[in-house]
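Here are the chains, one letter per residue:
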Amino acid sequence: MKIALFVFWGIVVFIACNNPTTNNKSTLSTESAGENEEVTIVLEKVLDSPARNSIKVNVDYDQYFKSPKKYLGFSLRPLLDAAWKTAAFDTTHAMVLFECKDGYNPIMDLSKIYGPAQGYIVFKDLDQPDTKNWPDSLSQHFSPYYLVWDKVKKEDKSFFWPYGLTTIRLIPEKEKYRLIQPDSSDAAYPGYITFRDNCMKCHSINKIGGSFGPEFNLPKNITEYRDEKQLIAFAKAPASFRYNSRMPAMTSLSDKEFENIILYLKYMKEHKRDH
Ligand code: HEC
């Protein structure tokens, strides 16, 4: 409880210091105007003096170390609770993006974070001597923070365990498309809009989108293994390729729109990102 309060006040102070209209890089900045703004939590600022306020964390199976582990760290949920209460963030359709030093940015749904597993942001491996936070070989990658989960089954691979974690961002779900959207001046942009409105409810790009149909960018972009003409022909008439195809024929799109979709898919080939 002490920790929850500490974190809560930490955030209150930072939000009070930050003028939301200036969109600067302060600890907790509220970007993009509108009622449900994005909330950014820079961990090193929010969790200051970690040694004093941390708790001991037990993880029954750590998926990186492949064993039970003990750490010093902080509970994830009170940190998030405090952040969105403070920012009056609508959590009904929100996701959490974890930003790491190496550019790995996994995204998790709130239902996962608020499910039976408990998330912790840890900074010290208690198997190490007092003078060290991490084994020497890992120290560079693991600091400043590592996200761990207690009560996740060994075989459950649906949780992310990002290390080198620096920032947590709360994103309204509608904003998630921003992560796979070319700049509006880019030639790939019209195809993005067509793809988003016609294909994305079933197909995902970088795991964002529906899962009824196959993912189109990870690990291989579909244009890397399918001929463009065949790809378009398939989308126009799936049943002419596959008996019992579950994909409906995309009859309302023009050839130009399909070409734009291809441009967009090729653009995304250069923007692979496994969240
Ligand atoms: C209602 C869901 C749905 C929509 C909407 C949809 N697809 Fe599909 N798509 C599927 C499913 C399911 C498959 C899996 C193959 C099957 O069932 O034949 C598929 C397969 C494909 C394939 C073949 C992939 C492969 O490697 O074999 C292509 C290409 C494709 N879709 C393109 C598109 C495009 C482009 C759009 C938008 C214009 C689109 N799809 C919209 C459900 C959908």
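All of the points below concern the structure found in this document. (Residues numbered from 1 in each chain as written. Predicted model: local features only at pLDDT ≥ 70, side-chain atom pairs only at ≥ 80, totals over all residues.)

### Some points on the overall build of the protein chain
Then comes step 1: Summing up its helical and strand segments, the protein chain has nine helices and eleven strands in all.
Then comes step 2: Within the protein chain, the proportion of its 275 residues that are buried is 29%.
Then comes step 3: In the protein chain, the share of contacts with a sequence separation of at least 24, taken over all contacts with a separation of at least 6, comes to 61%. (Helix = DSSP H or I, 4+ residues; strand = E, 2+ residues; numbered from the N terminus. Buried ≥ 20, exposed ≤ 12 C-beta atoms within 10 Å, placed from the backbone. Contact = placed C-beta atoms within 7 Å.)

### Considerations on the site of the ligand
Then comes step 1: Taken together, 22 residues are adjacent to the ligand, and Cys199, Cys202, Gly213, Ser245 and Met247 come closest.
Then comes step 2: It is helix H8 (residues 228–236) that contributes the most residues to the shell around the ligand, three residues altogether.
Then comes step 3: When its residues are assigned to classes, the shell around the ligand shows 14 nonpolar, four polar and four charged. (Near = placed C-beta within 6 Å. Nonpolar A, V, L, I, M, F, W, Y, C, P; charged D, E, K, R; others polar.)

### Regarding the nonpolar core
Then comes step 1: By size, the foremost hydrophobic cluster in this structure holds 36 residues, and its most contacted members are Ile121, Val122 and Val148.
Then comes step 2: Apart from residues no more than four positions distant in its own chain, Ile121 is found in contact with Leu43, Gly73, Phe74, Leu76, Tyr145, Leu147 and Leu165. (Core = buried A, V, L, I, M, F, W, Y, C linked by C-beta atoms within 7 Å.)

### Describing helix H7 (residues 189–198)
Think of an α-helix as turning once every 3.6 residues; residues three or four places apart then point the same way.
Then comes step 1: Every buried residue of H7 is accounted for by Gly191, Tyr192, Thr194 and Phe195. Down the axis, H7 shows its buried residues gathered within 165 degrees of arc, on one side only.
Then comes step 2: For H7, the elements touching its buried residues are helix H9 (255–269). (Arc of directions from axis to C-beta.)

### Quick look at the pairing of strand S7 (residues 118–125)
Across a regular strand the side chains alternate sides, sitting on one face of the sheet and then on the other.
Then comes step 1: Most of S7 sits out of view: seven of its eight residues are buried.
Then comes step 2: Note: strand S4 (residues 67–75) against S7, five bridges, orientation antiparallel. By the bridge assignment, Leu72 is partnered in S7 with Lys124.
Then comes step 3: With five bridges joining them, S7 and strand S8 (residues 145–150) adopt antiparallel strand pairing. Paired with Val122 across the strands is Tyr146, a residue of S8. (Pairing = 2+ DSSP bridges.)

### Section: the packing of H7 against H9
Then comes step 1: At a closest axis distance of 7 Å, the pairing of H7 and H9 adopts a crossing angle of 105 degrees. Taken as axis vectors, H7 and H9 run roughly perpendicular relative to one another. On H9, the residues that touch Pro190, Gly191, Tyr192, Thr194 and Phe195 of H7 are Glu257, Asn260, Ile261, Leu263 and Tyr264.
Then comes step 2: Of the residues in the contact of H7 with H9, the class split is six nonpolar, three polar and one charged. (Axes fitted to C-alpha atoms, helices over the stretch in contact; angles between N-to-C directions. Parallel < 35°, antiparallel > 145°, perpendicular 65-115°, else oblique.)

### Thoughts on the environment of Lys256
Then comes step 1: Along the chain, the position of Lys256 falls in helix H9.
Then comes step 2: Once the C-alpha coordinates of Lys256 and Gly191 are considered, the two residues, 65 residues apart in sequence, prove to be 9.3 Å apart.

### Looking at the pairing of strand S9 (residues 163–172)
Then comes step 1: Across the ten residues that make up S9, a large majority, seven, are buried.
Then comes step 2: Looking at chain direction, strand S2 (residues 38–42) and S9 are connected through four bridges and run antiparallel. What sits directly across from Val39, in S9, is Leu170.
Then comes step 3: Judged from the seven bridges that link them, strand S5 (residues 94–100) and S9 form a sheet pairing that is antiparallel. By the bridge assignment, Ala94 is partnered in S9 with Pro172.

### Some words on the environment of Ser139
Then comes step 1: Residue position: Ser139 is located in helix H6 (residues 136–142).
Then comes step 2: Between the C-alpha atom of Ser139 and that of Lys124, which follows or precedes it by 15 residues, the distance is 9.9 Å.

So, to be careful, I would describe these as geometric facts and stop short of saying anything about function.
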